[in-house]
Amino acid sequence: QQPVQSPQAVILREGEDAVINCSSSKALYSVHWYRQKHGEAPIFLMILLKGGEQKGHDKISASFNEKKQQSSLYLTASQLSYSGTYFCGTEALFNAGGTSYGKLTFGQGTILTVHP
Amino acid sequence: GAVVSQHPSRVICKSGTSVKIECRSLDFQATTMFWYRQFPKKSLMLMATSNEGSKATYEQGVEKDKFLINHASLTLSTLTVTSAHPEDSSFYICSARERDRGYEQYFGPGTRLTVT
């Protein structure tokens, strides 16, 4: 099942903050966050592996509530370069040939637009 | 490090022909590679997971005889779209993961396929 992201779109002025949420109906092994610019491949932002984990670099951080099966991405003091579509990817493990593998299922994306 | 390349970046072909897309990990050994397709303004949809030396695992609804995947070595996976039709037109993106590097997936730049 595809995780659900909210909001679907956000419009900000430079310097404003935003929060993007990602929730799943299934237990999560990990949550990955990516940003994609139009016509380009997704760029990895961060992974959260443990419930309660929080990570961040620069002004982008994220949290992972394992019990609630939710993750949130926090963008503070947004810059023009933050514009793009943000995807969360939730990872579940599956077995093939006796070995366990992880595979990502991506949310529908959140379009973030930052104006000067 | 962790660079993934795709070739070609763009291909236009006639209906009925077959197209091969290559995905290479340039500076690491990709024990697992993933193939996604993405329609305009939509999320990435996982097509299949391939592990070096074993058959690919296809997602439900993906025709394995239509989309042939060969993970020939630890640095190369190929996706062949056989007897392509206009509805196969899409953005195809591969990603690669190395077990010892952890859980991150590194994405290639994508291949835009247009079938006329």
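For the structure itself, look to the data block above.
Throughout what follows, the structure given in this document is the object of discussion. Model, not experiment: these values are computed from the prediction.

1. A few points about the overall build of chain A
Next, step 1: A count of helices and strands for chain A gives zero helices and eleven strands.
Next, step 2: Going from the N terminus to the C terminus, chain A shows its helices and strands as β-β-β-β-β-β-β-β-β-β-β.
Next, step 3: What you see for chain A is a C-alpha radius of gyration of 14 Å, in line with the 13 Å of a compact globule of 116 residues.
Next, step 4: Along the three orthogonal principal directions, the C-alpha set of chain A runs to about 55 × 30 × 20 Å.
Next, step 5: The 116 residues of chain A split such that 46% are buried.
Next, step 6: In chain A, 56% of the contacts between residues at least 6 apart in sequence involve partners at least 24 apart.
Next, step 7: Total accessible area computed for chain A in this model is approximately 5,900 Å², and 50% of it derives from carbon and sulfur atoms.
Next, step 8: Within chain A, one finds 10 positive and 8 negative side-chain charges whose respective centroids are separated by 6 Å.

2. Observations regarding the sheet that holds strand S8 (residues 70-75) of chain A
Residue and element names in this part refer to chain A.
Next, step 1: Sheet architecture is open: five strands sit in the order S1-S3-S8-S7-S6, paired in antiparallel fashion. Looking along the sheet, the strands with just one partner apiece sit at the ends: strand S1 (4-6) and strand S6 (54-57). Strand after strand, the sheet turns through a mean of 15° between neighbouring axes, direction not considered.

3. A short note on unusual backbone geometry
Next, step 1: In the segment running from Ser6 of chain A into Pro7 of chain A, the intervening peptide bond is cis, with an omega of -5°.
Next, step 2: Locating Pro7 of chain A in the fold gives a position in the loop between S1 and strand S2 (9-13).
Next, step 3: Cis geometry is adopted by the peptide bond preceding Pro8 of chain B, which originates at His7 of chain B and carries an omega value of 0°.
Next, step 4: Here Pro8 of chain B is to be found in the loop between strand S1 (4-7) and strand S2 (10-13).
Next, step 5: Positive phi is not limited to glycine here, since Gln69 of chain A has a value of about 60°.

Here is what the cut-offs are and how they apply
Residues numbered from 1 in each chain as written. Chains lettered and ligands numbered in written order. Predicted model: local features only at pLDDT ≥ 70, side-chain atom pairs only at ≥ 80, totals over all residues. Heavy atoms only, no water. Helix = DSSP H or I, 4+ residues; strand = E, 2+ residues; numbered from the N terminus. Rg over C-alpha atoms; globule rule 2.2 N^0.38 Å. Buried < 20%, exposed > 50% of the residue type's maximum accessible area, 1.4 Å probe, protein only. Contact = heavy atoms within 4.5 Å. Areas by Shrake-Rupley, 256 points an atom, 1.4 Å probe, with all protein chains shown as cover. Lys, Arg positive; Asp, Glu negative; His and termini not counted. Charge placed at Lys NZ, Arg CZ, Asp CG, Glu CD. Pairing = 2+ DSSP bridges. Axes fitted to C-alpha atoms, helices over the stretch in contact; angles between N-to-C directions.

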